[in-house]
Every structure is written in structure tokens, then in C-alpha cells.
Amino acid sequence: MSEEYINGFCPRCGEALKVPAKLLEFSCMFCGARLSVSELLDTPAGPAASLAPEEAALRFDAAKKQL
């Protein structure tokens, strides 16, 4: 049995997300925003900013703490 996923973009940071369809809520792996599937965007809200590796690591750690 394969798991179904929903693809979309975070409305806060614009990063592409692939989320298991069975989840009602989840955190963006990039900025830590708490989201629901209905909040995902079909296209990025704007040009996705390229983050410095240090900033990306900080955001990732913040997102992990919210899980």
C-alpha cells in the first residue's frame, strides 16, 4: 500500500512541501509555520529567497522543536 501525498508551497516562506495526505496539521520543514493542507499554495507566494546554510539550519531546528 502506497502513501498518498499532497504537494504545495508554504504560504509563509514559499518553500515546496510534500505532505502525507492523512495529516490534518503539520509544520513547514523550512520555517516552522504550523499549517493545514487547505493553507498550502499551488504556486509560491513570491520568489523563494535563498537562505544561507546557517539560517536554514536554524529554521530547521526550530521546526523540529515544534513537532
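Refer to the structure above for everything that follows.
None of these values were measured; they are calculated from a predicted model. (Residues numbered from 1 in each chain as written. Predicted model: local features only at pLDDT ≥ 70, side-chain atom pairs only at ≥ 80, totals over all residues. Heavy atoms only, no water.)

1. Things to note about the overall build of the protein
(1) Moving on: Of the regular secondary structure elements, the protein holds one helix and four strands.
(2) Moving on: Reading the helices (α) and strands (β) of the protein from amino to carboxyl end gives β-β-β-β-α.
(3) Moving on: Burial status across the protein gives 25% buried among its 67 residues.
(4) Moving on: As presented, the protein carries roughly 4900 Å² of accessible surface, and 56% of it is formed by carbon and sulfur atoms. (Helix = DSSP H or I, 4+ residues; strand = E, 2+ residues; numbered from the N terminus. Buried < 20%, exposed > 50% of the residue type's maximum accessible area, 1.4 Å probe, protein only. Areas by Shrake-Rupley, 256 points an atom, 1.4 Å probe, with all protein chains shown as cover.)

2. Things to note about the nonpolar core
(1) Moving on: Core analysis: the biggest nonpolar cluster contains ten residues, these being Cys10, Cys13, Leu17, Val19, Phe26, Cys28, Cys31, Ala33, Leu35 and Leu40.
(2) Moving on: Each residue touching Leu17, except ones within four places of it in the same chain, is listed here: Ile6, Asn7, Gly8, Cys10, Phe26, Cys28, Met29, Phe30, Leu35 and Leu40. (Core = buried A, V, L, I, M, F, W, Y, C linked by side-chain atoms within 4.5 Å. Contact = heavy atoms within 4.5 Å.)

3. Description of the environment of Gly8
(1) Moving on: With respect to the element layout, Gly8 can be found in strand S1 (residues 5-9).
(2) Moving on: Gly8 gets classed as buried once you look at its relative accessible area, which sits at 6%.
(3) Moving on: Here the alpha-carbon distance between Gly8 and Val37, two residues 29 residues apart in the chain, equals 8.5 Å.

4. Looking at the pairing of S1
(1) Moving on: Relative to strand S2 (residues 16-20), S1 runs antiparallel, the two being bridged by five bridges. Residue pairing for S2: Asn7 is matched across the bridge by Lys18.
(2) Moving on: Adjacent in sequence and paired antiparallel, S1 and S2 are bridged by six residues, among which Gly14 carries a positive phi angle near 85°. (Pairing = 2+ DSSP bridges.)

5. Brief notes about the pattern of salt bridges
(1) Moving on: Scanning all chains against the criterion turns up four salt bridges.
(2) Moving on: Notably, a salt bridge pairs Lys22 with Glu3, separated by 3.9 Å at the nearest N-O pair. Here Lys22, found in the loop between S2 and strand S3 (25-27), pairs with Glu3, found in the segment before S1; they are 19 residues apart in sequence, far enough to count as distant.
(3) Moving on: Using a relative accessible area of 67% as the deciding quantity, one classes Lys22 as exposed.
(4) Moving on: Judged by its relative accessible area of 39%, Glu3 falls in the partly exposed class. (Salt bridge = Lys/Arg side-chain N within 4 Å of Asp/Glu carboxyl O.)

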